[in-house]
Amino acid sequence: MAISIGRYTMENQQTNQKSLDLDAARVSHDKGYLTTNQGVGVSNTDDSLKAGKRGPTLMEDFIFREKVTHFDHERIPERVVHARGSGAHGYFQVYENLSHLTKAHFLSDPNLITPVFVRFSTVAGFRGSADTVRDVRGFAVKFYTQEGNYDIVGNNMPVFFIQDAIKFPDLIHSLKPEPNNEMPQAASAHDTFWDFVVNTPETMHNVMWLMSPRAVPKSFRMMEGFGINTFRLVNAKGEFKFVKFHWKPVLGVHSLIWDEAQKVAGKDPDFNRRDLWETIAQGQTVEFELGIQVLKPEDEFRFDFDILDPTKLWPEELIPVQKIGKMTLNQNPDNFFAETEQVAFCPANVVPGIDFSNDPLLQGRLFSYLDTQLSRLGGPNFHQLPINRPLPKVNNNQRDGMHRMTIDEGQTSYYPNSLNKGEPHAARAGESHFEHYQEKVDGHVIRERSESFRDHYTQPAMFWNSMSDWERQHIIDAFRFELGKCKHKHTHQKLVDMLGNVDPELAQKVAEGLGATPPANGANPTTASSPALSMANTAKSPKTRKVAVLLESGFDKAQFDALTATLIAAGACFDVVSCKLGPVTAGDNGRVEGNQTYATTASVFYDAVYIPGGSHTEALKGSADVKGFLLDTFNHYKTIGLSGEASALLGLLPSGQKPEPGIVCESAGNMEIYANNFLAALTTGRHFERNVH
Ligand code: HDD
């Protein structure tokens with residue numbers, strides 16, 4: 001049975017310790033009189049203190065000064081990357097004891113509840129930019145374990161653009177708005193990014209992912225997460241294995257198509273944020289399974305790629321992903337700034353049993369996060385902010401600094417000491433503590449890249465080989481769009497030449513769109529493919545899919561009831577869209593409440609549209625709004641349902657009376673069968689076999 005603990009509803013009887021910890025910082029402002037920050041009561045917060053009713057404001061007005069001064073300092077620097085994000089609380093449970101692999105305590109006991117806070121983000125845009133831009137998405141998870149905080153700071157793509165962290169400032173400078181005019185916002189479709197790409201072949205693999213539908217997720221709930229970098233799992237005997245981390249969404253991986261993404265960016269820039277917030281606010285949970293790929297040390301050199309190279313993935317068919325646990329998100333933050341903005345993730349936040357590899361991108365990341373947070377969060381004490389503080393007691397001799405929140409008692413703040421009987425002491429055997437894996441390191445001091453990092457095309461080609469037809473078309477269109485926005489023609493040609501090393505057909509199709517010359521000697525370097533990379537093979541579910549039901553007065557209520565009951569039973573949901581808000585009268589005088597209009601919503605917010613029969617069909621036939629709604633739904637390959645008299649609306653579609661995939665149309669007959677057919681089409685998702693061109 002679900003129970004409430006702190007602010008959390010948990011599916012079991014265990015306490016979410018982080019929620020209880022946050023309770024101590026939560027302040028309700030539901031009642032009481034206004035005060036200053038010094039606790040002095042304030043009876044008028046609307047008028048400043050003046051010399052005469054029409055006279056100048058007085059310097060002594062500390063109430064005015066305090067209010068305005070605080071306001072003047074309300075902003076902190078946004079993250080230099082991943083500035084726009086959305087957070088949620090939840091918990092993690094491992095499926096079985098993994099102590100043979102790692103001594104991490106939170107992975108040892110299936111009964112253990114580990115609280116988590118997750119932040120999903122876009123990379124390039126400012127804090128106020130749109131959600132549905134073409135971009136990588138951040139997927140950062142903080143586990144509040146009993147042995148301290150552990151962060152997996154990942155993305156929704158399994159590879160990165162560069163191999164060495166020293167190139168990160170160059171990558172991001174090229175991606176961000178151009179420095180002379182600060183354009184474009186939250187977009188890679190501009191000259192500097194592609195100039196960097198064509199001069200940096202190691203970007204090729206991530207660029208292929210960036211051009212794929214993965215870069216426009218339909219929902220944060222429907223994207224994979226990847227730790228990308230190679231880590232180590234270390235067990236109590238000191239044995240290690242290499243590991244890569246994966247998050248697999250229970251609802252499968254689903255994306256927008258580009259036309260939708262662009263329209264949504266204008267109509268609802270908060271589309272992904274709203275979806276996450278509303279799903280949780282409605283009491284539903286968001287679930288991801290944690291997967292690991294594990295590699296024995298002796299297999300380090302077994303593959304035709306270097307396992308330390310972050311521009312390479314480990315094909316799941318070669319090294320299977322074992323699902324080891326589930327993360328459930330079930331609580332929205334109470335305060336965006338205090339939680340989502342102030343949370344500080346860092347790949348160096350590891351717990352005993354999890355260690356780093358020599359991946360040169362990871363090595364640099366271990367430095368950058370804490371460093372950036374020192375300025376973003378205003379000093380060295382941000383670990384004391386409620387959202388960042390770990391569950392175990394922080395016990396050391398670090399003191400002072402900006403905004404220190406603890407009152408650290410005692411005379412000593414150094415080690416070793418006698419005055420405090422040597423406390424706090426260095427952790428002893430039997431007391432949880434971190435020990436670095438004792439890797440033997442031997443090498444010349446050298447500023448060079450390993451030869452084994454040189455192949456930049458085989459895996460992008462494998463990615464291309466693994467794509468379904470619609471994913472390939474998306475990639476071709478994306479390259480044409482992005483390069484089409486670049487003024488420098490030589491960049492077009494260089495990119496097309498690069499693509500020739502991935503696949504000649506891809507290069508040729510992109511070249512056609514750009515007016516560039518297809519490369520003469522292009523060749524796809526591999527026949528390998530990895531079915532796990534294609535979204536065509538993902539899980540499909542009707543759960544939380546959203547249907548627009550278009551109605552006007554005179555609709556057939558029996559048909560409406562039958563279809564909506566089937567949707568609800570399957571976990572889907574619907575809006576009633578009409579020309580005005582309020583009750584809509586059915587042919588039999590029944591009523592349903594219209595909760596959206598053509599002014600407040602649009603086809604792009606739904607997975608499908610349904611129109612029941614009835615005498616409203618005539619009015620709908622003549623409506624430009626209805627026609628536009630149906631056209632977008634058709635062009636975005638989504639399910640269209642027309643029953644009874646509404647079947648006549650088929651004529652509004654470009655296919656005319658011709659049945660096309662995903663159009664569930666029936667003039668009469670058994671509503672139960674009809675509703676199930678509609679549900680099956682809705683579950684399929686998009687019907688890419690439909691002829692929309
Ligand atoms: Fe990073 C933030 C993910 C490479 C430097 N990064 C940041 C966030 C995510 C990632 C999800 C946002 C966390 C949040 O929600 O607060 N970054 C990645 C991944 C990478 C990666 C998956 C490659 C595997 N990052 C990377 C490199 C560097 C950085 C190579 C620097 C050398 N990243 C940062 C940063 C940020 C950051 C500048 C900005 C805000 C912050 O850290 O707290 O330090």
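What counts as what
- Residues numbered from 1 in each chain as written.
- Predicted model: local features only at pLDDT ≥ 70, side-chain atom pairs only at ≥ 80, totals over all residues.
- Heavy atoms only, no water.
- Near = heavy atom within 4 Å.
- Polar contact = N/O pair within 3.5 Å; in protein donor to acceptor, adjacent residues only side chain to side chain.
- Helix = DSSP H or I, 4+ residues; strand = E, 2+ residues; numbered from the N terminus.
- Donors = N, O, S within 2.8 Å, 3.2 Å for Na, K, Ca; no water.
- Pairing = 2+ DSSP bridges.
- Contact = heavy atoms within 4.5 Å.
- Axes fitted to C-alpha atoms, helices over the stretch in contact; angles between N-to-C directions.
- UniProt positions renumbered as here; feature names shortened; annotations may be inferred.
- Buried < 20%, exposed > 50% of the residue type's maximum accessible area, 1.4 Å probe, protein only.
- Phe/Tyr/Trp six-rings, centres within 6.5 Å; stacked < 30°, edge-to-face > 60°.
- Core = buried A, V, L, I, M, F, W, Y, C linked by side-chain atoms within 4.5 Å.
- Domains from an automatic or database assignment.
- Arc of directions from axis to C-beta.
- Salt bridge = Lys/Arg side-chain N within 4 Å of Asp/Glu carboxyl O.
- Expected span 1.5 Å × (residues − 1).
- pLDDT = per-residue confidence, 0-100.

(A) Focus on the site of the ligand. Of all residues adjacent to the ligand, which total 22 residues, the nearest are R79, R119, R365, Y369 and Q373. R79 places a side-chain nitrogen or oxygen 2.7 Å from an oxygen atom of the ligand. Within the side chain of Q373, a nitrogen or oxygen atom sits 2.9 Å from an oxygen atom of the ligand. At the level of secondary structure, the elements contributing two or more residues to the shell around the ligand comprise β5 (137-145), β6 (148-155) and α9 (360-376). With six residues, α9 is the largest single contributor of residues to the shell around the ligand.

(B) A look at the coordination of the iron atom of the ligand. Of all protein atoms, just one serves as a donor to the iron atom of the ligand, and that atom is Y369 (OH), at 1.9 Å. Position of Y369 relative to the elements: it lies in helix α9.

(C) Representation of the sheet that holds strand β18 (residues 608-611). The six strands lie next to each other as β17-β14-β13-β18-β19-β20, forming an open sheet whose pairing is parallel. A single partner strand is all that each edge strand has here, and the edge strands are β17 (596-597) and β20 (663-666). When strand β13 (residues 546-550) meets strand β14 (residues 573-578), the two strands line up parallel, connected through five bridges. Note on β14: the bridge partner recorded for K546 is C573. In the packing of helix α17 (residues 671-684) onto the sheet, contacts are made with β13, β18, β19 (639-643) and β20, and the angle to β19 comes to roughly 170 degrees.

(D) Geometry of the UniProt feature "binding site: heme" (unreviewed entry) in the protein chain. Mapped onto the present numbering, the UniProt feature "binding site: heme" (unreviewed entry) falls at R79, R119, F168, R365, Y369 and R376. Taking the relative accessible area as the measure of exposure, R79 reaches 10% and is therefore buried. Once residues lying within four places of it in the same chain are set aside, the contact partners of R79 are R119, T340, E341, V343 and R376.

(E) Layout of the UniProt feature "active site" (unreviewed entry) in the protein chain. Annotation from UniProt places "active site" (unreviewed entry) at H82 and N155. For this annotated set, covering 74 residues, all C-alpha atoms fall within 10.4 Å of each other, a compact arrangement in space. Relative to the helices and strands, H82 resides in the loop between α2 (62-72) and β3 (85-94). Other than its neighbours up to four places away in sequence, N155 contacts H82, V136, R137, G138, F139, F160, E224, G225, F226 and I228.

(F) Here's a closer look at the side chain of H474. Inspection of the secondary structure assignment puts H474 in helix α11 (residues 469-484). With relative accessibility at 10%, the residue H474 sits in the buried group. Sequence-distant contacts of H474, defined by excluding residues within four places in its chain, comprise R134, M211, S212, P213, V216, L256 and W258.

(G) Structural view of the packing of aromatic side chains. Under the counting rule described, the total for this entry stands at 34 aromatic pairs. Between F120 and F139 the ring centres are 5.0 Å apart and the planes differ by 90 degrees, which places this aromatic pair in the edge-to-face class. Taken as a pair, F120 in strand β4 (residues 114-122) and F139 in strand β5 lie far apart in primary sequence, 19 residues in all. Here F120 matches F139 in class, with each residue buried. Ring geometry for W258 and F481: centres 5.1 Å apart, planes at 75 degrees, overall edge-to-face. Here the residue W258 occupies a position in helix α6 (residues 258-267), and F481 occupies one in helix α11, the gap between them amounting to 223 residues. F481 gets classed as partly exposed once you look at its relative accessible area, which sits at 25%. Counting every residue linked through ring pairs, the aromatic cluster contains F92, F106, F120, F139, F143, Y150, F220, F231, F245, W247 and F288.

(H) Spotlight on the environment of V510. Note that V510 resides in helix α13 (residues 504-514). Measuring from C-alpha to C-alpha, the distance between V510 and F481 comes to 9.6 Å, with 29 residues separating the pair along the chain.

(I) Structural context of the side chain of N417. Considering the arrangement of structural elements, one finds N417 in the loop between α9 and α10 (458-466). Judged by its relative accessible area of 9%, N417 is buried. Side-chain polar atoms of N417 contact the backbone nitrogen of N420, separated by 3.0 Å. A distance of 2.9 Å separates the side chain of N417 from the backbone nitrogen of G422, its partner in a polar contact. Those residues in contact with N417 that lie beyond four places of it in its chain are T412, G422 and E423.

(J) Representation of the nonpolar core within the structure. One finds W194, M208, F479 and L506 to be the most contacted residues of the largest nonpolar core, which totals 53 residues. Those elements that provide at least two residues to this core are α3 (168-175), α4 (191-198), α5 (204-211), α10, α11, α12 (489-500) and α13. If one sorts the elements of this core by residue count, α5 sits on top with six residues. The residues that make up this core include at least three from each of domain 1 (50-379) and domain 2 (465-536). Not counting residues up to four positions away in its chain, the partners in contact with F479 are W194, M204, V207, M208, M211, G484, L495, L499, L506 and V510. If you look at the next biggest cluster of nonpolar residues, it comprises 39 residues, including A104, F220, L276 and I354.

(K) Inspection of α3 at higher detail. For α3, the full list of buried residues reads L171, I172, S174 and L175. Projected down its long axis, α3 carries its buried residues within an arc of 160 degrees, all on one side. Next to the buried residues of α3 lie α4.

(L) Quick peek at the pattern of salt bridges. A complete count under the given rule lists 36 salt bridges for this structure. One salt bridge in this structure joins R134 and E482, with 2.8 Å as the shortest N-O distance. Of this pair, R134 sits in the loop between β4 and β5 while E482 sits in helix α11; the two residues are 348 residues apart in sequence, bridging distant segments of the chain. Close ionic contact of E202 with R449 constitutes a salt bridge, the shortest N to O distance being 3.0 Å. Within this pair, whereas E202 is found in the loop between α4 and α5, its partner R449 is found in the loop between α9 and α10, the two being separated by 247 residues in sequence.

(M) Representation of the pairing of β6 within the structure. Extensive coverage of β6 is indicated by the burial of eight of its eight residues. Pairing geometry for β5 and β6, over eight bridges, is antiparallel. Residue pairing for β6: Y144 is matched across the bridge by N149. Connecting the antiparallel pair β5 and β6 is a turn made up of two residues.

(N) Main features of α17. Between its terminal C-alpha atoms α17 stretches 20 Å, which fits the 20 Å expected from 14 residues at 1.5 Å a residue. Among the residues making up α17, those that are buried are M671, Y674, A675, F678, L679, A681, L682 and T683. Tucked into the core, α17 has its buried residues touching β13, α14 (557-569), β18, β19 and β20. Backbone nitrogen of E672 and a side-chain oxygen of the N-cap are separated by 2.8 Å at the start of α17; the cap is N670.

(O) Region of interest: the confidence of the model for the protein chain. Chain-level pLDDT for the protein chain is 96 on average; 98% of the residues reach the 70-or-more range. Low pLDDT, under 50, characterises residues 1-13; the predicted model gives this stretch 41 contacts beyond four residues in sequence or across chains. Interface confidence for the predicted complex, given as ipTM, is 0.99, next to a pTM of 0.97.

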